Amino acid sequence: MRFNRIFLFIFAIFLILFPLFGCRRASAAAKAVQYTESDFISELTFLGDSTTAHMQSRAAVQKEQVWATKNRYLNLDSRITYARIVAPDTGEEELIADVAARLKPRYLVITLGIDYGVYYYRERPDLFAHYYEKLVCAIQAASPETHVILQSIFPVGRSCTVITNDMVERSNQIIKELAEKKGLPFVDQTKVLADGQGYLREEFCYSEDGIHLTDSAYTAILSHLSTLEHEIRG
Amino acid sequence: MKKICFLFVLLLAFSGCSRETMDMTPEKAAEVVLTEYGENTGFVRADEDFLTTNFGSRDYVRESAVYFSENGDGNEFGFFRLSDEQYSDEMIAAVEEYINSERQSVQSLASLYPADELSDRLQRFDSATVGHMGDLVYYFITEPTIAKNAVRRFRG
């Protein structure tokens, strides 16, 4: 009888404590994605081509933090400063510089080039650099208080038939040099996303094209960005 | 006497034609084309950097005006006033090279995203119109009927 009481007592304690352990596990999980709600990540605005546009549905950021075109393409070419993004406040298509001038984002992370700039200007790195710089200058002129951050172009997966990671690497080198020239932070996401052979890791490949990213890829990207907070804030 | 009068009239007619071409600046020609598209179609004028990086820096180009559609449908046209008509072939070749390069860029986008429909834009490149009227070189990347009407209108 006494044994039963002790057993019941231990069982009751176990029942009480078990959910608590569960909660701890859940809170640990919450902590793992805590960066998504951190002040720093919420201060960032993202501008870019389709790999940025998809953040609206696949990354733990507010939709308004992602500046993208209506059809998701943002081609890095001579028309880059004429490209129209959907302004998050009005829903209208407007020039990037106009949106920047009005909304004056504190930090603007640019990820640009995979929409054919990398491939098309593979023999003309000078033009790739020129158009990239043209966009950065237009944004800085429109909103001088915005801190522009240049992010590397993401590696492509094995299934990508048009773009190679050599092309991506060369373009990233150009972006890095541009960042140095203009005194801007350069965030390299290659090591975060690539496997041992430089390809986009399988679990990060969203589609057969080998270019677009999964939710978990964006989690990794944001996580890496959050580790650079102090560096970026200076 | 009759011959002299005829020659004089002919000379006047030629000088009139020449003055008309001189008066037709790229901007004026562009205005004519813009009215052809109507008020609802938004166009933006390309900046100097666009012209230099796409058509090269050419001493014989005195004025130019290139416009492209704001809604990304690929409609585009341009005018280049040359210092002398003798450069028109060279300028036309440069414009054709530019159109070809733009076509390739859309094609490369199509290879990246095969599921997306880009055939309309490619068709516009295929039916592009390039020509010259005296020292004024023009091009249209648009529907052939619009280009035809626009050329007819600015030719007067």
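Residues numbered from 1 in each chain as written. Chains lettered and ligands numbered in written order. Predicted model: local features only at pLDDT ≥ 70, side-chain atom pairs only at ≥ 80, totals over all residues. Heavy atoms only, no water.

Asker: Tell me about the pattern of salt bridges, and please be specific about residues and values.
Answerer: Under the definition given, this model contains 21 salt bridges over all chains. Note that Arg158 of chain A and Asp195 of chain A form a salt bridge whose closest N and O atoms lie 2.6 Å from each other. Of the two residues, Arg158 of chain A is situated in the loop between β6 (147-151) and α8 (165-182) and Asp195 of chain A in the loop between α9 (190-193) and α10 (215-227); the sequence distance between them amounts to 37 residues. Residue Glu63 of chain B pairs with Arg81 of chain B through a salt bridge whose shortest N-O separation is 3.3 Å. (Salt bridge = Lys/Arg side-chain N within 4 Å of Asp/Glu carboxyl O. Helix = DSSP H or I, 4+ residues; strand = E, 2+ residues; numbered from the N terminus.)

Asker: How would you sum up unusual backbone geometry? Please name residues and give values.
Answerer: Residue and element names in this part refer to chain A. Non-glycine residue Arg72 carries a positive phi angle of around 80°. By secondary structure assignment, the location of Arg72 is in the loop between β2 (66-67) and β3 (84-86). Judged by its relative accessible area of 32%, Arg72 falls in the partly exposed class. Within the chain, Lys104 stands out as a residue other than glycine whose phi angle is a positive 40°. (Buried < 20%, exposed > 50% of the residue type's maximum accessible area, 1.4 Å probe, protein only.)

Asker: Tell me about the interface of chain B and chain A, and name the residues and values.
Answerer: Interfaces are frequently sized by the accessible area removed from exposure as the parts join. With 22 residues of chain B at the contact, the number on the chain A side is 23 residues. Of the roughly 1,900 Å² buried at the junction of chain B and chain A (both faces included), carbon and sulfur atoms supply 53%. Counting every contact that joins chain B to chain A gives 5 salt bridges. Note that Arg79 of chain A is salt-bridged to Glu76 of chain B, the shortest N-O span being 2.1 Å. At the boundary of chain B with chain A, the tally comes to 11 residue pairs in polar contact (both at pLDDT 80 or more). Breaking the side of chain B that touches chain A down by element, the ones donating at least two residues are β1 (43-45), α3 (48-55) and α4 (88-112) of chain B. Of the residues that constitute the side of chain B that touches chain A, the class distribution is 8 nonpolar, 7 polar and 7 charged. (Contact = heavy atoms within 4.5 Å. Buried area = accessible area lost by both parts, 1.4 Å probe. Polar contact = N/O pair within 3.5 Å; in protein donor to acceptor, adjacent residues only side chain to side chain. Nonpolar A, V, L, I, M, F, W, Y, C, P; charged D, E, K, R; others polar.)

Asker: Can you break down the nonpolar core residue by residue, with the values?
Answerer: One recurring pattern in soluble globular proteins is that nonpolar side chains are buried together. Residues Leu47, Ile110, Tyr132, Leu150 and Ile163 of chain A together with Phe55 and Phe80 of chain B are the most contacted members of the largest nonpolar core, which totals 69 residues. Within the second largest apolar cluster, 27 residues are counted, among which are Ile41, Cys205, Ala220 and Leu222 of chain A. (Core = buried A, V, L, I, M, F, W, Y, C linked by side-chain atoms within 4.5 Å.)

Asker: Which residues make up the environment of Tyr199 of chain A, and what values go with them?
Answerer: Residues and elements named next belong to chain A. Looking at the element boundaries, Tyr199 is found in the loop between α9 and α10. For the pair formed by Tyr199 and Ile174, sequence separation is 25 residues and the distance between their alpha carbons is 20 Å. Ignoring anything within four residues of it in the chain, the contact list for Tyr199 reads Pro155, Val156, Gly157, Arg158, Asn165, Leu193 and Ala194.

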